[in-house]
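Each chain is listed here by its residues.
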Amino acid sequence: PVQPLTANAILALDRFDEDAGATLFVPGSHRWDIPVDPDHETVPVSMQPGDMVIFGGRTWHASGKNVTPDRQRRALNFFFCAGWCQPVHGHACGIPEADVKQLPTALQALL
């Protein structure tokens, strides 16, 4: 689409760097019309607490791996979509149904 239907925003609560698992992006991927390639070269985005990155929903991105023994990488994640566009999946996407059924009822309801 010419106009993005969705956008994401990540507000860093902790320092994001490569060691702590900075968010990884594939530059220019928002313009591509090909299947996501998990092996594509990525660029980490380092952030200080309070920094925010905003990107279109078509941009390929992933969480980096936190390899530090004592640091967290906490953030607030926001998802925005056009008013007529309803999300069809949430953070449960990719979690096997059997695993979801093992979670507390309140958490299942959220997912």
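Since the model is a prediction, treat every value here as computed from it, not as a measurement. (Residues numbered from 1 in each chain as written. Predicted model: local features only at pLDDT ≥ 70, side-chain atom pairs only at ≥ 80, totals over all residues. Heavy atoms only, no water.)

Visitor: So what's going on with the overall build of the protein chain? Residues and values would help.
Guide: Across its full length, the protein chain carries 2 helices and 6 strands. Across the 111 residues that make up the protein chain, the buried fraction comes to 23%. (Helix = DSSP H or I, 4+ residues; strand = E, 2+ residues; numbered from the N terminus. Buried < 20%, exposed > 50% of the residue type's maximum accessible area, 1.4 Å probe, protein only.)

Visitor: Lay out the packing of aromatic side chains in plain terms, naming residues and giving numbers.
Guide: Aromatic ring pairs are defined here through the distance separating the ring centres and the angle between the ring planes. Using the criterion set out here, one finds 3 aromatic pairs in the structure. Centre to centre, the rings of phenylalanine 25 and phenylalanine 55 are 4.8 Å apart; their planes meet at 80°, and the pair counts as edge-to-face. Here phenylalanine 25, found in strand β2 (residues 23-25), pairs with phenylalanine 55, found in strand β4 (residues 52-56); they are 30 residues apart in sequence, far enough to count as distant. With a relative accessible area of 9%, phenylalanine 25 lands in the buried category. With 5.1 Å between their ring centres and 85° between their planes, tryptophan 32 and tryptophan 60 make a pair best called edge-to-face. Of this pair, tryptophan 32 sits in the loop between β2 and β3 (43-45) while tryptophan 60 sits in the loop between β4 and β5 (61-63), and the two are 28 residues apart along the sequence. (Phe/Tyr/Trp six-rings, centres within 6.5 Å; stacked < 30°, edge-to-face > 60°.)

Visitor: With reference to specific residues and values, describe the sheet that holds strand β1 (residues 6-12).
Guide: One open sheet accounts for 3 strands, arranged β4-β1-β6; its pairing is antiparallel. With one partner strand each, in any of the chains shown, β4 and β6 (75-81) form the two edges of the open sheet. The average undirected angle you get between the axes of adjacent strands in this sheet is 15°. Relative to β4, β1 runs antiparallel, the two being bridged by 5 bridges. Bridging from a neighbouring strand, alanine 7 pairs with glycine 56 of β4. (Pairing = 2+ DSSP bridges. Axes fitted to C-alpha atoms, helices over the stretch in contact; angles between N-to-C directions.)

Visitor: I'd like to hear about the sheet that holds β5, residue by residue, with values.
Guide: Strand order in the open sheet formed by 3 strands is β3-β2-β5, and the pairing between neighbours is antiparallel. What marks the edges here is a single partner per strand, and that holds for β3 and β5. Ignoring strand direction, the axes of neighbouring strands in this sheet form an average angle of 30°.

Visitor: Pulling in residues and values, what's your account of the pattern of salt bridges?
Guide: Charged atoms that come close allow side chains of opposite charge to pair. A full pass over the atoms with the stated rule returns 4 salt bridges. Here aspartate 14 ties to arginine 74 by a salt bridge, and the two come within 2.8 Å at their closest N and O atoms. You can see aspartate 14 sitting in the loop between β1 and β2 and its partner arginine 74 sitting in the loop between β5 and β6, a full 60 residues away along the chain. The exposure class assigned to aspartate 14 is buried, which follows from its relative accessible area of 15%. When its relative accessible area of 43% is taken as the criterion, arginine 74 is described as partly exposed. The partner of arginine 71 in a salt bridge is aspartate 17, with the nearest N and O atoms 3.1 Å apart. Taken together, the residues arginine 71 in the loop between β5 and β6 and aspartate 17 in the loop between β1 and β2 connect sequence positions 54 residues apart. (Salt bridge = Lys/Arg side-chain N within 4 Å of Asp/Glu carboxyl O.)

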